[in-house]
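# Fold and geometry: a report
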Amino acid sequence: MTIGDTTTRAWAREHVPVLTALLSIASLALVFGAVFQVIPTTTLPRFGALLVAIPHLNAAISLSAIGTILLGVREIRRGNVDRHRGFMLASFALFAAFLLLYLYRVTLVGPSDFPGPNAVRTYIYLPFLAIHITLAVICIPFVFYALLSAGTRSVSEIYGTNHRRAGRVAASLWLVSFSMGIVIYALLYHVY
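Nothing here was measured: the structure is a model prediction, and the numbers come from that model. (Residues numbered from 1 in each chain as written. Predicted model: local features only at pLDDT ≥ 70, side-chain atom pairs only at ≥ 80, totals over all residues. Heavy atoms only, no water.)

Below, the discussion takes up the overall build of the chain. Across its full length, the chain carries seven helices and zero strands. Its C-alpha atoms put the chain at 55 × 40 × 25 Å along the principal axes. Taken over 192 residues, the chain has a buried fraction of 38%. In the chain, of all internal contacts separated by at least 6 residues, the share reaching a separation of at least 24 is 79%. Total accessible area on the chain stands at roughly 11000 Å², and carbon and sulfur atoms take up 69% of it. Averaged over its 14 positive side-chain charges, the chain has a centre that lies 8 Å from the centre of its 6 negative ones. (Helix = DSSP H or I, 4+ residues; strand = E, 2+ residues; numbered from the N terminus. Buried < 20%, exposed > 50% of the residue type's maximum accessible area, 1.4 Å probe, protein only. Contact = heavy atoms within 4.5 Å. Areas by Shrake-Rupley, 256 points an atom, 1.4 Å probe, with all protein chains shown as cover. Lys, Arg positive; Asp, Glu negative; His and termini not counted. Charge placed at Lys NZ, Arg CZ, Asp CG, Glu CD.)

Spelled out as structure tokens, the structure:
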């Protein structure tokens, strides 16, 4: 590790809350920019087959992420920090892949319309979607805090941070949000 890397890591360690806020704001700006179609589409290539496949890919990614999160929780309960770290980094990579695919599709196509009956849309789908979105938004800063606090400290130093608390909240919200996302996918592409 070079001196610059040490300096950067030390600076990041002292500024985890600020970095968490900045990354959360940037992530949410991208998501809402895509949903409200503010992001310019002229620079993005349009791959029709990929656009059609993304909802199905994201459902598979969500299922995989649920698995890696559960395995990560199991490993930390067993005291296996290295395996926990690996599973949680895999969870974040899956989340990032999901988000990139989602942003690409929503930027080019817009949000999916509910194809079912209006009563189901109004009383089941939209409330369920609202809860899913709310949990996903709330989850983001907890995920970034957990990652940043773990990435800027040694294992022994992590115990002096709120990593454990943030990780529990992040994992819980992630699990519920990914699960709800799969239900939304089923409603959009299989039930109706």
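Its place among the elements puts Ala97 in helix 4 (residues 81-109). Setting aside residues up to four positions removed in sequence, Ala97 forms contacts with Asn58 and Ile61.

The geometry of an aromatic ring pair comes down to the distance between the two centres and the angle between the two planes. Within the structure shown, the criterion is met by 11 aromatic pairs. Between Phe32 and Phe36, the aromatic rings sit 6.3 Å apart at their centres with planes inclined by 20 degrees, giving stacked as the arrangement. Exposure remark for Phe32: the relative accessible area of 35% places this residue in the partly exposed category. The class of Phe36 is exposed, set by a relative accessible area of 59%. (Phe/Tyr/Trp six-rings, centres within 6.5 Å; stacked < 30°, edge-to-face > 60°.)

Here we come to the layout of surface pockets. The space that makes up the largest pocket amounts to roughly 920 Å³. In this structure, the largest pocket is lined by 34 residues; those nearest its centre are Phe98, Tyr102, Leu129, His132 and Ile133. Contributions of two or more residues to the lining of the largest pocket are made by helix 2 (16-35), helix 3 (48-77), helix 4, helix 5 (118-151) and helix 7 (163-191). The biggest single contributor to the lining of the largest pocket is helix 7, with nine residues. In the lining of the largest pocket, the residues fall into 27 nonpolar, six polar and one charged. In terms of lining, the second largest pocket is formed by 26 residues, of which the most central are Ile76, His84, His163, Arg164 and Gly167. If you tally residues by element for the lining of the second largest pocket, the top one is helix 7, at nine residues. Of the residues belonging to the lining of the second largest pocket, the class tally is 16 nonpolar, six polar and four charged. (1 Å grid on protein atoms, 1.4 Å probe; cavity = no way out; pocket = protein on both sides within 12 Å on 5 of 7 lines; lining within 4 Å. Points joined across faces, edges and corners; volume = space filled by probe spheres on them. Nonpolar A, V, L, I, M, F, W, Y, C, P; charged D, E, K, R; others polar.)

Take it as geometry only, folks, not as evidence of what the structure does.
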